[in-house]
Amino acid sequence: MTDTTITPEGGHESQAQVRKATRRGGGDPGTRGRTTIADGVVEKIAGLAARDVVGVHAMGSGLARTFGAVRDRVPGGGKSVTRGVKAEVGEVQTALDLEIVVDYGVAIADVARAVRENVIAAVERMTGLEVVEVNIAVSDVKLPEEEEEETELRIQ
């Protein structure tokens, strides 16, 4: 004879069925363990969010963009979405420094505010980290008549 339990509905369950339904380990499964997020992950999220803002022409200083243009041409180099972004990530908080180039004619304060809002929303939504600050340095203004800074490679 097997052990049975009478359910509230008046039915019967075997002890094996009752044991299977019992949660092991106690507590919410979402709280078992620790999740760490690398600085580079937050930098990528912030870089993409900043580039989505109208008025942001590029990320990084002139020198970083020049090196980036060369790196982009190297097979496997790819575009660096983290160019112009530096993140410090703690256990529950993060702080970001961004360097941007804005388009001529835009209100820099408005672009900076929009970048800050977009970056905070994206990072907090995707990582669950609290963004304590987003510092923005405007390193250049892209004039309409300026050519894109394409680095000519000598060897092709």
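Above this text you will find the structure in question.
Rules and cut-offs
- What you see as residue numbers is a count from 1 along each chain, following the sequence as written.
- In keeping with the model being predicted, local features are shown solely for residues with a pLDDT of at least 70 and side-chain atom pairs are shown and tallied solely at 80 or more, while totals for entire chains, interfaces and linings include all residues.
- Excluded from the side-chain calculations are hydrogens and water; all other atoms, namely the structure's heavy atoms, are used.
- What counts as a helix is a DSSP run of H or I of at least four residues, what counts as a strand is a run of E of at least two, and both are numbered from the N terminus.
- Relative accessible area decides the class of each residue, using a 1.4 Å probe on protein chains only: under 20% of the type maximum gives buried, over 50% gives exposed, and in between gives partly exposed.
- Residues are treated as being in contact if the distance between any of their heavy atoms lies within 4.5 Å.
- The accessible surface values rely on the Shrake-Rupley method and a 1.4 Å probe; as for residues, cover is taken only from the protein chains in view.
- Buried Ala, Val, Leu, Ile, Met, Phe, Trp, Tyr and Cys residues form a nonpolar core when they are joined through side-chain atoms within 4.5 Å.
- Here a strand pair is declared whenever DSSP counts at least two bridges between the two strands.
- For a helix, the expected span equals 1.5 Å multiplied by the number of residues minus one.
- Summarising the geometry, the arc corresponds to the directions from the helix axis toward the C-beta atoms.
- For this document, the term salt bridge refers to a Lys or Arg side-chain nitrogen within 4 Å of an Asp or Glu carboxyl oxygen.

Visitor: Tell me about the overall build of the protein, and name the residues and values.
Guide: Helix and strand content of the protein: four helices and six strands. The secondary structure elements of the protein, listed N-terminal to C-terminal, are β-β-α-α-β-α-β-β-α-β. Per-residue burial for the protein yields a buried fraction of 26% across its 156 residues. Intrachain contacts of the protein at a sequence separation of at least 6 include 68% that bridge at least 24 residues. A total of about 10700 Å² of accessible surface is found on the protein, and carbon and sulfur atoms cover 52% of it.

Visitor: Provide a residue-level description of the nonpolar core, including the pertinent values.
Guide: Leu-96, Leu-98, Val-115, Val-119 and Val-123 are the most contacted members of the largest nonpolar core, which totals 24 residues. Listed by contribution, the elements that provide at least two residues to this core are α2 (39–51), β3 (56–59), β4 (85–89), β5 (93–103), α4 (108–127) and β6 (130–142). Per-element accounting of this core gives the leading share, six residues, to α4. In this structure Leu-98 touches Ala-50, Met-59, Gly-84, Val-85, Val-115, Val-119, Val-134, Asn-135, Ile-136 and Ala-137, once residues within four positions along its chain are discounted.

Visitor: Describe the pairing of β4, naming the residues involved and giving the relevant values.
Guide: Side chains on a regular strand alternate between the two faces of the sheet. Note that β4 and β5 share five bridges and pair antiparallel. When the bridges of β5 are listed, Glu-88 appears paired with Ala-95. As consecutive antiparallel partners, β4 and β5 are separated by three residues.

Visitor: How would you summarise the environment of Arg-83 if you had to cite specific residues and measurements?
Guide: If you trace the backbone, Arg-83 turns up in the loop between α3 (62–73) and β4. Overall, Arg-83 belongs to the buried group, its relative accessible area being 15%.

Visitor: Describe in detail α4, supporting the description with residues and values.
Guide: Helical geometry: 3.6 residues make up each α-helical turn, so side chains three or four residues apart lie on a common side. Look at α4: 28 Å from first C-alpha to last across 20 residues, which is about the 28 Å you get at 1.5 Å a residue. Where α4 is concerned, the buried positions are Val-111, Ala-112, Val-115, Val-119, Ala-122, Val-123 and Thr-127. In a view along the axis of α4, the buried residues occupy a sector of 110°, so they form one face of it. Seen from the open side of α4, the exposed residues pointing more than 90 degrees away from its buried face are Ala-109, Glu-117 and Arg-125. The inward-facing, buried residues of α4 contact α2, β3, β5 and β6. In the segment just after α4, Gly-128 is the residue with positive phi, at about 80°.

Visitor: Describe in detail the pattern of salt bridges, supporting the description with residues and values.
Guide: Inspection of the entire model under this criterion finds one salt bridge. Here Asp-110 and Arg-113 are joined by a salt bridge, their closest N and O atoms 3.0 Å apart. Within this pair, Asp-110 and its partner Arg-113 are both found in helix α4, separated by three residues, close to a single helical turn. Taking relative accessible area as the criterion, Arg-113 reaches 44% and is therefore assigned partly exposed.

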